[in-house]
Amino acid sequence: MAVRDAAAPLLVGLLLLCYTWRASAEVTVNTEDRVEVLRGQMAQITCNFVSDEGIGGMTIEWFYVTRQGEKKKIYSQDSSMRSVESRTQFTDRISVNGTGATGIVVLTINNVQVEDEVEFICLVKSLTEGTGEGRTNLKVFEIPNFPTIEGVQTGISVLQDSPSKIGTCEVKNGYPKPQIIWYKNNTPLLPILDEITIVPSITMESSGLFSVRSELRMKVVKENKDDEFYCEVNFPAPGGETRMMETERINITVYYPSTAVKMWVESPKGKIKEGDSVELHCQDNGNPPSSLIAIKHIQSDTNWEEDMVMLHKVRRQDGGLYECISTDTDSFKEVSGNMTLSINYLEPAVVEPKGVAFVVQGEELKAMCNALSSLSTHTAWLKDGLQISTGHILTLKDATFDTAGTYDCVVSANEIQDMQTNGTLVVQVLGPPQIIDKNNVELEKRVDETVDLSCSARAFPTPNFIWTTSDGRNLETKSEEIDGVFRSSVQFPVNSDVTVFCNVSNEYGVAAVTFNIKTLKPVTSIPPKQLRKEGNGVVIAVIIVCILLLAILGSVLYFLYKKGKICGRSGKQDLTKETNKDNIVVEMKSDNTEEAVLLGVNGEKQPLSD
């Protein structure tokens, strides 16, 4: 009895020692808490373990936990065999790398799907060290399609009491579930009672992916007509990040009643002048604009039942106050607006003195030109197309005949293009005649040759021309006037030397010009002009003919001489010459008779025929 009591404590100690040794020798297993992968890709789960026992007495098993919490084996291996469990969702898609000798085995899952998102268990058993396990959650992700937005196609009235549908956003095939956030002008929208309502809906596709749809309803006001609405989609991705995509932006059509009316001139742009055609428009600020619009001219009490009026060739009286009245088609409430139409004018230019102004030579003339206008004006004076002065008053000092002419006055309103008016002033300078062109007063003419004389003068009033000669004749004249120059001409034959007087006169004075005409003596010889006209060829021809005639005459005389037919004797001297056969004497008489006497041989008188 005593021995048994003494052995009991020893047995308990041995048991405690054995338990302590078993606990310190248990297998240690380490695995990742989380493995993330995109759907359709490959996932790898690593199992690390530490054991003093070799692989000969070690078993490694892989399990997964269903979403109902059930633990199912999918793989096992020991020192002699490897096996994949049949009839599981992973049977054809898993493989394990590593024998465990290095303390590492890796479970590979191909073509990961959404339903593979479960917890995996790595269980390591040792014959002497017991059992250890590690758990890893597999997370699967799918990037959703690009989100779409669709706004309402009809207009939304601000008069509706309840929130109206603005549009819908949708994003498809995402995992985990994407989130949709509505924005208005870059500001996120949150639900507000009776003002903003956001209605989401989630659909799980047969693939296990999520499609999310969101509808926005809002009570609109007039200011929403220019707002932009869009959606932002947030979704998780591997690596713990959250990604974002935005839809395109949309506007909505807001219907609201008019509160004001606008009137404007569509054309012409800028300031309006008389004669323009004016296009006048009227529109209220409602949406849609009212179709019941009328335009009224207050001054003339004229009405047009339309929103556009065309005023053709407006006059000054067409200006003034115009009113536009818009009537709401639903409530028949009237809204009005008005504008003042300003029509600028430029009256015809007035020139003083009117028509023709007279100024005595050497004196000064002042003229004035002006035109009434609604705008400031500029006045210019022109003569013969050239500007000579500016300003309303034209001053012509020390007038001469060159001062006379037509002066154009141009009054312009420079603020409007082509707005101008013209006036005309004719200036006549009064003064005595002034002879011009005093050339060719010394002339030489042949007897009976006709002479043409002209006399020109400037004068006003129109001068009188009188032509007289030194022998007391009055000549008939022809007169004409060109550009203020008066010209008179005469024509008569010349019989002898004569002096001609041209006298020009008007009520302011007299001027004259004298022409001296001398006659040329007659010439019997060929006039030098004629000789010059015949030319060198004619002279040569005449010389040749003369030479030929002399040669013929010499031949005849020689022939008669040989025949003994000729001899001669002069009344003053005798010419004799002895020859072997005959003595020939030629006698020439100095008296101017019609016949010549030829003396033959020995002084015999020969008949005239011989």
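Keep in mind the model is a prediction, meaning the values are calculated, not measured. (Residues numbered from 1 in each chain as written. Predicted model: local features only at pLDDT ≥ 70, side-chain atom pairs only at ≥ 80, totals over all residues. Heavy atoms only, no water.)

## Here's the deal with the overall build of the protein
At step 1: Secondary structure assignment for the protein yields two helices and 47 strands.
At step 2: Scored against the burial criterion, the 610 residues of the protein give a buried share of 36%.
At step 3: Intrachain contacts of the protein at a sequence separation of at least 6 include 59% that bridge at least 24 residues.
At step 4: Carbon and sulfur atoms provide 51% of the accessible area of the protein, an area that totals close to 37,200 Å². (Helix = DSSP H or I, 4+ residues; strand = E, 2+ residues; numbered from the N terminus. Buried < 20%, exposed > 50% of the residue type's maximum accessible area, 1.4 Å probe, protein only. Contact = heavy atoms within 4.5 Å. Areas by Shrake-Rupley, 256 points an atom, 1.4 Å probe, with all protein chains shown as cover.)

## What to know about the nonpolar core
At step 1: With 27 residues, the main nonpolar core has W62, I74, L107, I109, F120, V124 and L138 as its most contacted residues.
At step 2: Among the secondary structure elements, those contributing two or more residues to this core are β2 (34-38), β3 (43-50), β4 (58-65), β5 (71-77), β7 (94-97), β8 (104-109), β9 (119-126) and β10 (130-141).
At step 3: Each residue touching W62, except ones within four places of it in the same chain, is listed here: I45, C47, K72, K73, I74, Y75, V96, V105, L107, I121 and C122.
At step 4: Judged by nonpolar contacts, the second largest core, of 24 residues, contains L365, A367, C409 and V427. (Core = buried A, V, L, I, M, F, W, Y, C linked by side-chain atoms within 4.5 Å.)

## Re the packing of aromatic side chains
At step 1: A full pass over the atoms with the stated rule returns seven aromatic pairs.
At step 2: Pairing F90 with F120 gives two aromatic rings, centres 5.3 Å apart and planes at 65°, and the pair type is edge-to-face. With F90 in the loop between β6 (82-84) and β7 and F120 in strand β9, this residue pair connects regions lying 30 residues apart in the sequence. Here F90 and F120 have matching classes, each one buried.
At step 3: A ring pair is formed by W467 and F515, whose centres lie 5.8 Å apart and whose planes are at 20°; its orientation type is stacked. Taken together, the residues W467 in strand β40 (residues 464-469) and F515 in strand β45 (residues 509-520) connect sequence positions 48 residues apart. (Phe/Tyr/Trp six-rings, centres within 6.5 Å; stacked < 30°, edge-to-face > 60°.)

## Quick look at the layout of surface pockets
The gaps left among the atoms become clear once a water-sized probe is rolled over them.
At step 1: The volume enclosed by the largest pocket comes to roughly 380 Å³.
At step 2: Taken together, 17 residues form the lining of the largest pocket, with A404, G405, Q428, D483 and G484 sitting closest to its centre.
At step 3: Listed by contribution, the elements that provide at least two residues to the lining of the largest pocket are β36 (405-412), β37 (420-436) and β39 (450-460).
At step 4: Broken down by element, the lining of the largest pocket gets its largest block of residues, four residues, from β37.
At step 5: Residue classes in the lining of the largest pocket are distributed as eight nonpolar, four polar and five charged.
At step 6: Each of domain 4 (350-431) and domain 5 (436-520) contributes no fewer than three residues to the lining of the largest pocket. (1 Å grid on protein atoms, 1.4 Å probe; cavity = no way out; pocket = protein on both sides within 12 Å on 5 of 7 lines; lining within 4 Å. Points joined across faces, edges and corners; volume = space filled by probe spheres on them. Nonpolar A, V, L, I, M, F, W, Y, C, P; charged D, E, K, R; others polar. Domains from an automatic or database assignment.)

## Comments concerning the state of the cysteines
At step 1: Using the criterion set out here, one finds four disulfides in the structure.
At step 2: The disulfide partner of C282 is C324, and the gap between their sulfur atoms is 1.5 Å. One quick way to see it: the torsion about the S-S bond of C282 and C324 is about -75°, and its sign makes the bridge left-handed. In this pair, C282 is assigned in strand β23 (residues 278-284) and C324 in strand β27 (residues 320-327), connecting sequence segments 42 residues apart. (Disulfide = S-S within 2.5 Å.)

## Considerations on the pairing of strand β19 (residues 241-246)
Two faces belong to every sheet, and in a regular strand the side chains alternate between them.
At step 1: As paired elements, strand β18 (residues 229-237) and β19 share six bridges and run antiparallel to each other. Across the sheet, residue F235 finds its bridge partner in β19, namely R243.
At step 2: Once β18 ends, the chain turns through three residues before running back antiparallel as β19, passing G239 with a positive phi of about 95°. (Pairing = 2+ DSSP bridges.)

## Points about the sheet that holds strand β30 (residues 350-352)
At step 1: Read across the sheet, three strands follow the order β30-β32-β35 without closing on themselves; strand pairing throughout is antiparallel. Each having just a single partner strand, β30 and β35 (393-396) make up the two edges of the open sheet. Between one strand and the next, the sheet's axes are offset by a mean angle of 15°, whatever the strand orientation.
At step 2: Across three bridges, β30 lies against strand β32 (residues 365-370) in antiparallel orientation. Note on β32: the bridge partner recorded for V351 is C369. (Axes fitted to C-alpha atoms, helices over the stretch in contact; angles between N-to-C directions.)

## Section: the pattern of salt bridges
At step 1: Counting across every chain of the model gives 23 salt bridges.
At step 2: Measuring nitrogen to oxygen at the nearest pair gives 2.5 Å for the salt bridge that ties R34 to E36.
At step 3: Here the salt bridges do not stand alone but share partners, grouping E274, R315, R316 and E347 into one network. (Salt bridge = Lys/Arg side-chain N within 4 Å of Asp/Glu carboxyl O.)

## Focus: empty space enclosed by the protein
At step 1: One pass over the structure, following the stated rule, counts one cavity of 30 Å³ or more.
At step 2: Its boundaries defined by the atoms lining it, the largest cavity holds a volume of some 30 Å³.
At step 3: Residue lining of the largest cavity: I435, I436, D437, K438, N439, V441, S454, C455, S456, V513 and F515, and that is the complete set.
At step 4: Residue assignment for the lining of the largest cavity shows that the elements contributing at least two residues are β37, β39 and β45.
At step 5: Considering each element in turn, the lining of the largest cavity owes the most residues, three residues, to β39.
At step 6: When its residues are assigned to classes, the lining of the largest cavity shows six nonpolar, three polar and two charged.

## A few points about the sheet that holds β45
At step 1: Spatially, the five strands line up as an open sheet ordered β38-β45-β44-β40-β41, and their pairing is mixed. At either end of the open sheet lies a strand with only one pairing partner, and these are β38 (442-446) and β41 (474-475).

## Some points on the pairing of β18
At step 1: The buried fraction of β18 is high, at eight of nine residues.
At step 2: Pairing geometry for strand β14 (residues 179-184) and β18, over six bridges, is antiparallel. By the bridge assignment, K184 is partnered in β18 with F229.

## Re the confidence of the model for the protein
At step 1: The predicted model of the protein has a mean per-residue pLDDT of 85, with 85% of residues at 70 or higher.
At step 2: Here residues 1-24 is a poorly scored stretch, pLDDT under 50, and it has one contact once near neighbours within four places are set aside; other chains count.
At step 3: Across residues 568-610 the pLDDT falls below 50, and counting only partners more than four positions away or on other chains, this stretch makes 58 contacts in the model. (pLDDT = per-residue confidence, 0-100.)

## Notes on the side chain of T31
At step 1: Relative to the assigned elements, T31 resides in strand β1 (residues 28-31).
At step 2: Polar side-chain contacts of T31 include one of 3.0 Å to the backbone nitrogen of R135.
At step 3: Side chain to side chain, T31 and T136 meet in a polar contact 3.4 Å long.
At step 4: Discounting residues that sit within four places of it in the chain, T31 has contacts with T46, C47, C122, G134, R135 and T136. (Polar contact = N/O pair within 3.5 Å; in protein donor to acceptor, adjacent residues only side chain to side chain.)

## With respect to a nonpolar patch on the surface
At step 1: A contiguous nonpolar patch, built from V545, L549, I552 and V556 and spanning about 360 Å² of accessible area, is present on the exposed surface.
At step 2: Position of V556 relative to the elements: it lies in helix α2 (residues 528-563). (Patch = residues over 30% accessible without salt bridge, like charges linked within 9 Å, V, L, I, M, F, W, Y side chains within 5 Å.)

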